[in-house]
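Geometric and topological summary
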Amino acid sequence: MNTNDAKERIDDLRSEIKRHDELYHRQATPEISDFEYDRLKRELADLEVANPGLGSEASPSMSVGDDRASGFASYTHRLPMQSLDNTYSKDEFFAFVERVEKGLEVEKAAFLIEPKIDGVAVSVTYTNGKLERAITRGNGVEGDDIMANALFIEELPRELQGNHMPDTIEIRGEIYMLNEEFDRINAARKQAGLEAFMNPRSLAAGTVKMLDRSEAAKRKLNVVLYGLGFCQPRLVDSQGEFQELLGKWGVPLVEKFWKARGANEAWAAIEELDALREQFAYPTDGAVIKTDLLDHQAELGATSKAPRWAIAYKFAAEQAETTLEGITVQVGRTGALTPVAELKPVLLAGTTVSRATLHNQEEMARKDVRVGDSVIVEKAGEIIPAVVRVVLEKRPSDSGPYEFPQKCPECSTTVKKVEGEVALRCLNPNCPAQVRGRLEHFASRQCMDIEGLGIAVVQQLVERGLVSTIADIYKLNFEDLVELEKFAEKSARNLLQAIERSKSNELWRLLHGLGIPQVGAAAAKDLAKAFRSVSALREADLDTLVAIDGVGEKTALGIIAYFEDTSNASVIDQLFALGMNPLAPEKPAAEDAILVGKTFVITGTLPSMKRDQAKALIESKGGKVSGSVSKKTDYLLAGESAGSKLAKAEKLGVEVISEEDLLEMLS
Ligand code: IVH
């Protein structure tokens, strides 16, 4: 990614994450799953590391969020409340252990593995054993005093049991809500015609922040304590000892914790926890692995955000069971028919899911999915939830196999299976669903980003016969738009402006928007960089295309077929006649342009590359390729049976290199 793209993506990510932080911490109404959120944060942190010039000090990648709200008194934590680094990957977990052991110079470090409770972080202070205060994490330094609502939590000890209490101790833990309580509250809200809460975690977060105490009192919350904050005098030497002490004090503890030495034992504990956690009273979304000895913790220290001695390993794939209420079949922009499960809404990985993909006809037949079935839905790494299996024991006796439509549900054309593909396709290019799909894709944020041209507007434009190809978008006028539903003069003018502006978008946006098979945003960027214009791409042959980084043979063939199609060619000609003038990418960024100013001549048969491929490779790194050797030639790339050019180069003292030398130069 060049610096400009990186900067743009970093800016986008920072504002997206800030928005989700606000939704999660302050509004307690998250829109995306934790998995998705963590993925965004990870992408941002990686980009910031790769682009140190772009300032990450105040970035949301470095913060723990901020839950402070108005109406609460703030308190400063005696010891800051940090967050944890997290991972979904076994390899990264092993890398964490390696770092710890290297840092401590021990062969196998001692760890404690605890369930990670999915609730709201809290810090409770006990003075001489008496409960004094409960504070949210806030921004990590200072949090909100939620004592009034915390006092509704029966489980929270008002006094610690036993003798020899520390003068002051901050104990960290998690306030959470049981699933059954969550269901009870949501059922009541539904009856009252109110919107349901997203998940138990956000409902717990919303409840501790209620200013109306009488309302807060009506909702049952629970608490678990697990962590040592500030403490005077020092009481224990390890996290394991601290857990034991908490137990003696009569504090609600995590259900189970494991002691382990080294990575393998720790991993075994994580797996055991994953198998057990369903039976726990509270929702868990992972394991927290802590270096056991406090001296070791101090030695390893912390970054500005998280300790180096602990990590959260999160269990990503979440499954839930629900009823399949119906099956609809969607037609995408390429004509592919996708069966979609219409589900009884169910809570899954932090979000309520009411639709899931059934992939395609073959998958459905394989799983024998029927309307009325109980199904297991999974939301794993990917964003789209999917039906993974049917609970056959619960199948209603009167159900029948699902008959996949043999006609397009939109245009009634008989659907066909294309060789080498699983999906059935509607092969009518004028199918309204495909027409809409192509237009929506073109205007979408990942492509031409035409603000105001969303699904609903596209639908109207197509229905009214105003637009059927992407070129038609650029023929729209004020009169066409002002007539649309929910449009007025201002919105019509704004949309026209957005359309006009899109003409000078970056080239990759246009290439992505064309909907060339196999060409997603990443390939579009690679192509834009290599060809720098639609006409150059249009003329490229197979060899030239496959020589581009990120373009395989399948993509190359897709590109060629796309431009050979006469209706595509005509749409593209129209686009340019209507003033499309995309912005070519800057010349390769410094790190990519190692061959800038260098002129090559290629001769003979190269061992693995065709000459065209070598040419494209050299050009993609900023070099030039010329046809004849002269004093200006920097390198002669020579293969087998090189003839007169080789002789000339030797005579002129031009350096002669092999394919291997070239690849070495570029590595
Ligand atoms: S230890 C300095 N242990 O998960 C690190 N945290 O995603 C202190 N959490 O901020 C955290 N269960 O709010 C720890 N057994 C556990 C936990 C746990 C849940 C929360 C906590 C933390 C967040 C990180």
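In what follows, the structure referred to is the one given above.
Residues numbered from 1 in each chain as written. Predicted model: local features only at pLDDT ≥ 70, side-chain atom pairs only at ≥ 80, totals over all residues. Heavy atoms only, no water.

Turning our eyes to something else, we now look at the pattern of salt bridges. Pairing is possible between side chains that carry opposite charge, provided their charged atoms lie close to one another. Considering all chains together, one arrives at 37 salt bridges under this definition. Among the salt bridges present, the one from K130 reaches E159, with a minimum N-O distance of 3.7 Å. Residue K130 is found in strand β5 (residues 130-136), and its partner E159 is found in the loop between α4 (147-150) and β7 (168-176); the two are separated by 29 residues along the sequence. Residue K130 is classed as partly exposed on the basis of its relative accessible area, which comes to 46%. Several salt bridges converge on common partners, so that one network encompasses D368, R370, D373 and R395. (Salt bridge = Lys/Arg side-chain N within 4 Å of Asp/Glu carboxyl O. Helix = DSSP H or I, 4+ residues; strand = E, 2+ residues; numbered from the N terminus. Buried < 20%, exposed > 50% of the residue type's maximum accessible area, 1.4 Å probe, protein only.)

Bringing unusual backbone geometry into the picture now. Here the amide bond leading from Q232 into P233 is cis, since omega sits at -5 degrees, within 30 degrees of zero. Within the fold, P233 resides in the loop between β8 (222-232) and α8 (239-249). Even without being glycine, N128 reaches a positive phi, approximately 50 degrees. When you line up the elements, N128 lands in the loop between β4 (120-127) and β5.

Neighbouring the ligand are 13 residues; E114, K116, R137, E174 and K290 lie closest to it. The contact in question runs from an oxygen atom of the ligand to an N or O atom on the side chain of K116, over 2.9 Å. When the ligand is considered free in solution it has 530 Å² of accessible area, and contact with the protein chains removes 88% of it. Those elements giving two or more residues to the shell around the ligand turn out to be β3 (110-117) and β10 (284-291). Of the residues forming the shell around the ligand, the biggest block, four residues, is contributed by β3. (Near = heavy atom within 4 Å. Polar contact = N/O pair within 3.5 Å; in protein donor to acceptor, adjacent residues only side chain to side chain. Areas by Shrake-Rupley, 256 points an atom, 1.4 Å probe, with all protein chains shown as cover.)

Of all hydrophobic cores here, the largest spans 52 residues; its most connected members are I450, L453, Y474, L511, L514 and L527. A per-element tally of this core places helix α18 (residues 521-531) first, with five residues. Counting 37 residues, the second-largest nonpolar core is a separate cluster that includes L131, I169, I185 and V223. (Core = buried A, V, L, I, M, F, W, Y, C linked by side-chain atoms within 4.5 Å.)

Following the sequence through the fold, R219 ends up in the loop between α7 (213-216) and β8. Of the side chains with opposite charge, E215 comes closest to the buried, unpaired R219, at an N-O distance of 5.3 Å. Once residues lying within four places of it in the same chain are set aside, the contact partners of R219 are M177, E181, R184, I185, R189, F197, L203, T207 and M210. (Lys, Arg positive; Asp, Glu negative; His and termini not counted. Contact = heavy atoms within 4.5 Å.)

All right, on to the sheet that holds strand β20 (residues 624-626) then. Here we have four strands laid out as an open sheet, ordered β20-β19-β21-β22, and parallel in their pairing. A single partner strand is all that each edge strand has here, and the edge strands are β20 and β22 (655-657). Strand after strand, the sheet turns through a mean of 35 degrees between neighbouring axes, direction not considered. Pairing analysis gives three bridges linking strand β21 (residues 635-638) to β22, with the strands arranged parallel. Note on β22: the bridge partner recorded for Y635 is E655. Where helix α23 (residues 611-620) meets the sheet, it contacts β19 (599-603), β20 and β21, and its direction lies at approximately 170 degrees from that of β19. This element, helix α25 (residues 659-666), spans β19, β21 and β22 of the sheet and lies at about 95 degrees to β22. (Pairing = 2+ DSSP bridges. Axes fitted to C-alpha atoms, helices over the stretch in contact; angles between N-to-C directions.)

Here we have four strands laid out as an open sheet, ordered β5-β4-β7-β8, and antiparallel in their pairing. The two strands at the open ends of the sheet, each matched to only one other strand, are β5 and β8. Between one strand and the next, the sheet's axes are offset by a mean angle of 25 degrees, whatever the strand orientation. Both β4 and β5 contribute to a ladder of six bridges, which runs antiparallel.

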